[in-house]
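Close look at the chain arrangement
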Amino acid sequence: MGGDGGSIPRRDEVVKVKQAPEKKNKDQDMVGKWQHCALSGQALTKPIMSCALGRLYTKEAVINLLLDKSTKSHIKRLSDVVELKLTDNAAYKNEIHADLYIDHYSSPYVCPVIGLEMSGKYRFAFNWTCGCVVSERALIEIPSETCHKCGIEINKEDIIIINGNGEDIKKMTDQMKKRKERLKKEKKKKTDNSETNSNNEEKSLNNNEKLPKNKRPAGDNDKQNKKNKINSDKTESKNKFEDSNSYKKLFHKNSEKKDKAHWVTYNPYYN
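Residues numbered from 1 in each chain as written. Predicted model: local features only at pLDDT ≥ 70, side-chain atom pairs only at ≥ 80, totals over all residues. Heavy atoms only, no water.

Here we look at a positive patch on the surface
There is a patch of like positive charges on the surface, built from K76, R77, K180, K184 and K187. Classification of R77 by relative accessible area gives partly exposed; the value is 48%. (Patch = residues over 30% accessible without salt bridge, like charges linked within 9 Å, V, L, I, M, F, W, Y side chains within 5 Å. Areas by Shrake-Rupley, 256 points an atom, 1.4 Å probe, with all protein chains shown as cover. Salt bridge = Lys/Arg side-chain N within 4 Å of Asp/Glu carboxyl O. Lys, Arg positive; Asp, Glu negative; His and termini not counted. Charge placed at Lys NZ, Arg CZ, Asp CG, Glu CD. Buried < 20%, exposed > 50% of the residue type's maximum accessible area, 1.4 Å probe, protein only.)

What to know about the sheet that holds strand β8 (residues 159–161)
To summarise the sheet geometry, strands pair through backbone hydrogen bonds and adopt either a parallel or an antiparallel arrangement. Taking strand neighbours across the sheet as the criterion, the 3 strands line up as β7-β6-β8 in an open arrangement whose pairing is antiparallel. Single-partner strands in this sheet number two, and they are β7 (133–135) and β8. Strand-to-strand twist across the sheet, computed as the mean angle between neighbouring axes with direction ignored, equals 35°. Examined bridge by bridge, strand β6 (residues 124–127) and β7 share 3 bridges and lie antiparallel to one another. The partner of F126 across the bridge, within β7, is V133. (Pairing = 2+ DSSP bridges. Helix = DSSP H or I, 4+ residues; strand = E, 2+ residues; numbered from the N terminus. Axes fitted to C-alpha atoms, helices over the stretch in contact; angles between N-to-C directions.)

Some thoughts on the sheet that holds strand β3 (residues 81–83)
Reading across the sheet, the 3 strands line up as β2-β1-β3 and stay open at both edges, with antiparallel pairing between neighbours. The open sheet terminates on both sides in strands that have one partner only, identified here as β2 (56–58) and β3. For this sheet the average axis-to-axis angle between neighbouring strands, irrespective of direction, equals 40°. Taken together, the 3 bridges between strand β1 (residues 48–51) and β2 define a ladder with antiparallel strand orientation. The partner of S50 across the bridge, within β2, is L56. Sheet strands touched by helix α3 (residues 59–67): β1, β2 and β3. Its angle to β2, the strand with the most contacts, is close to 85°. (Contact = heavy atoms within 4.5 Å.)

Regarding the packing of aromatic side chains
The tally for this structure, following the rule as stated, stands at 2 aromatic pairs. A centroid spacing of 6.5 Å and a plane angle of 70° characterise the contact between W34 and F124, whose relative ring orientation is edge-to-face. Here the residue W34 occupies a position in helix α2 (residues 26–34), and F124 occupies one in strand β6, the gap between them amounting to 90 residues. With respect to class, W34 is no different from F124; both count as buried. Aromatic side chains F126 and W128 sit 6.5 Å apart centroid to centroid with 35° between the ring planes, which places their arrangement in the tilted category. Side by side, F126 and W128 carry an identical accessibility label, which is buried. Sitting above the plane of the W128 ring, R179 keeps its charged end 5.0 Å from the centroid. (Phe/Tyr/Trp six-rings, centres within 6.5 Å; stacked < 30°, edge-to-face > 60°. Lys NZ or Arg CZ within 6 Å of the ring centre and 35° of its normal.)

Structure below.
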């Protein structure tokens, strides 16, 4: 280390300098999020799914995740993801130029309202109820209470940002919890309404049966008349069939016997 042959050490050889952390390549990170599946890492192909946190998946990867019960995830059933309704980009060409330049800002999908490419440069969102994907700029510049693509009503809590930042993910986790609670309440309300309706129908039928025929509601009398008419038609058709000769021949011998010739002069070709 110096003085033993004329070698002089440099400062970086003696003093250990703290190395700066490696910077992420923004283009590669963007391509990985917007053009590849968040589970398998493979290129995204239709049908493309998304969860309540705005991550993109292929349907095959989601099914494999559900079949593998050992992995823990916020996706526990197919109802936890939505199939996205994307708008194809007619100008998209998936090709590499002669100088090996790849345009990372081109995308096979665009916003159906203002035509922005869904490459990661612009923020995109989708509606949880219908799955239609539009740019966030379209939602801000053209506010509407219905979906710009399919016309269904929009709830602000159902708007999910695709590949959002940390603040977006926190907001969407809260929205996910509220949505699940809301769906549970709606489901419980439907079951309660169906049970009450069935109980009311049974009570009304029992009360109407106890009343005399003259005091029953018109609807019940009509129903009873229809039943009586159907039963009378059935009995008439049955009696007609039993009175027919074809039915009688099955159970009775034919009383109309032809006079046959004497056994000596009997000829089967003529008698």
